[in-house]
Structure formats: C-alpha cells, structure tokens
Amino acid sequence: MTQIESEKNLSTIQNLPKHLGIIMDGNGRWAMLRGKRRIFGHETGVLKARELVETCVRLRIEALTLYAFSAENWSRPAKEVNGLMKLFEKTIEKYTGLLIDNRVRFKQVGKRTLLPKILQRKLEQMEAITSQNEGLKLTLAIGYGAQQDIIGAVKHIIDDINQGKIEKDAIDESLFSNYLSFNHLPKLDLVIRTSGETRLSNFMLWEAAYSEIHFTETLWPNFEEQEFIEILENYSKSERRYGSIKKEVELKKA
Ligand code: FPP
C-alpha cells in the first residue's frame, strides 16, 4: 500500500476506538528466529511502538496504552530485565522531543518504586514536561499488573472508608474505576495482542470487561501499519451492545 492509499484508508475509517491497548508480544521469538539476542527484538519493538504512536497521533486517537513490562516480567533472567530497563531509559531520552512536537501527554502506570532510580526520574520528568499537552494520551505500563492494581484499589477504598471519606454503600463500578491506574482515560475500546498468544496476561482486566479483543499471529516487530488499519476497519464495523440487545430487536418485541 502506498502512503497516499494508506492515508485515504485512514481518513475513511469511522468509529475509531477512543482508547486502544496493545500487548506487544513476540520480540524474543522474532530475534531468535534471526539468530539474534532477545534484546535486539526489544530494540526493534521500540521502533514499532514509535511508528504506532505516530499513526495514532495522525488518526487523532484519544488514548493509547502500551504494555511494555508486566509485574510478572520481573521473574525473567536479570540480564534481560536489566537490558529492558536500560532500553526504557534510552527510549524516553530519545523520544522526548518527538512526544513534545506531537503534543503527546505521557504517563507511566505500574509500581514505579521497583524501577531503577534513574528510570523513575526520567519517567517523572517526561510526565511533567508533557502534562499540559492535549494530544494523544500515551500510557506506558511498566511493572504493571491488573490484579495488583485491583488489590491496590481495594486497599485504598478500605482506607477511605475507615477515614470516613466514602461510604461502603457508595461503592459501584464507577467509583471503583476511579481508584484504578487508568482513571484518567476513556473506556478501553480495543485490545490488540500480537504473537499468537490468546490471553490477556494480567493486562487491564477490569477495563477490558467490554473491550473488543483482537489476537494476531504477527510478532510485534513485524506489525505493520497496513495490518493495524485492517484491525481498525474491523473494529469500526463491530457492534458493541454492553450486554444489552439490538435496538431493532427491542423495538419489534415492544
Ligand atoms: C514481549 O516480547 C515484549 C516485552 C516483554 C516488552 C518489551 C516491549 C518493547 C521493548 C516494545 C516497546 C517499548 C517501549 C518502551 C515503547 P517477549 O520477550 O515476551 O517475546 P517472546 O514471547 O517472543 O519471548
């Protein structure tokens, strides 16, 4: 597809997701298939993430959340974990200008205190520098796990009840959502997971309750804009009923 054709496709898609979550999986396998070290796959994965961010900016998608490092990824060999932490640090440094130029608002979710101090500082700086931006809301999940986020919310709610800030009976889905890490973002509309695995792996479990979920065999470093556009076109045709039934059916029944 040429750039012009691709632009045309992008502009004709109706009903884009407001909030898109991506599980960028398959970097390690991609590298091994080429006889390279796993970190080379992650480095190439960063370039893909950059392309995707630029496409989302062009499409004026409101929010993009990227799963870069799960709470469970701490159990990987120290060499890979250290390599990834260094890569996150370098990536933030390298793309600060790009995010500012594109008016991207950056935020990290996940247990920040477990990250290397230097990375913590870089994340704080990036959040501060971009906090007034009104473009794409880019969230990087590093050291994030949905179950841990939910447990954190439960503890916080119990504290607030004990301090008389809220009543137990006031707890509903909306209040609970406000205690989670994604309370600043619109509803999660679409999740894409690459590399052929068909599970959510502790990614946005609460938020994905009514999301469309798209699994693709493509390894993350091979994920191209053309496939992304096809997924968006499919999404735009999907009808989400949130557990309800079609309006026409409802009318006929009445
Ligand atoms: C999955 O590949 C990917 C990760 C563990 C996270 C790393 C992701 C990136 C480096 C891309 C973007 C990063 C940023 C900072 C935007 P895997 O190692 O699980 O692959 P495998 O399943 O083939 O082993």
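Quick summary incoming for the structure in this document. (Residues numbered from 1 in each chain as written. Predicted model: local features only at pLDDT ≥ 70, side-chain atom pairs only at ≥ 80, totals over all residues. Heavy atoms only, no water.)

With respect to the site of the ligand
Contacts to the ligand come from 19 residues, most closely from Asp25, Arg29, Arg38, Ala68 and Arg76. One nitrogen or oxygen atom from the main chain of Asn27 is found 3.2 Å from an oxygen atom belonging to the ligand. For the ligand, the accessible surface in isolation is 610 Å², of which the surrounding protein chains cover 91%. Every element with two or more residues in the shell around the ligand is listed here: helix H2 (27-33), helix H3 (38-59) and helix H4 (78-101). Per-element tally for the shell around the ligand: the top contributor is H3, with five residues. Per-class residue counts for the shell around the ligand are eight nonpolar, six polar and five charged. (Near = heavy atom within 4 Å. Polar contact = N/O pair within 3.5 Å; in protein donor to acceptor, adjacent residues only side chain to side chain. Areas by Shrake-Rupley, 256 points an atom, 1.4 Å probe, with all protein chains shown as cover. Helix = DSSP H or I, 4+ residues; strand = E, 2+ residues; numbered from the N terminus. Nonpolar A, V, L, I, M, F, W, Y, C, P; charged D, E, K, R; others polar.)

Description of the pairing of strand E3 (residues 105-109)
Looking at chain direction, E3 and strand E4 (residues 137-144) are connected through five bridges and run parallel. For Val109, the partnering residue across the bridge sits in E4 and is Ala141. The β-α-β motif built from E3, the intervening helix H5 (residues 117-130) and the parallel element E4 has left-handed crossover chirality. (Pairing = 2+ DSSP bridges. Right-handed = clockwise from strand over helix to strand, strands pointing away.)

Remarks on the pairing of strand E2 (residues 63-70)
Consecutive side chains of a regular strand alternate in pointing toward one face of the sheet and then the other. The buried fraction of E2 amounts to seven of the eight residues, a majority that puts the element mostly inside the structure. Where strand E1 (residues 19-23) and E2 come together, five bridges link them in parallel fashion. Looking at the pairing, Ile22 lines up with Leu66 of E2. Note that E2 and E4 share seven bridges and pair parallel. Within the sheet, the bridge partner assigned to Thr65 lies in E4 and is Thr139. (Buried < 20%, exposed > 50% of the residue type's maximum accessible area, 1.4 Å probe, protein only.)

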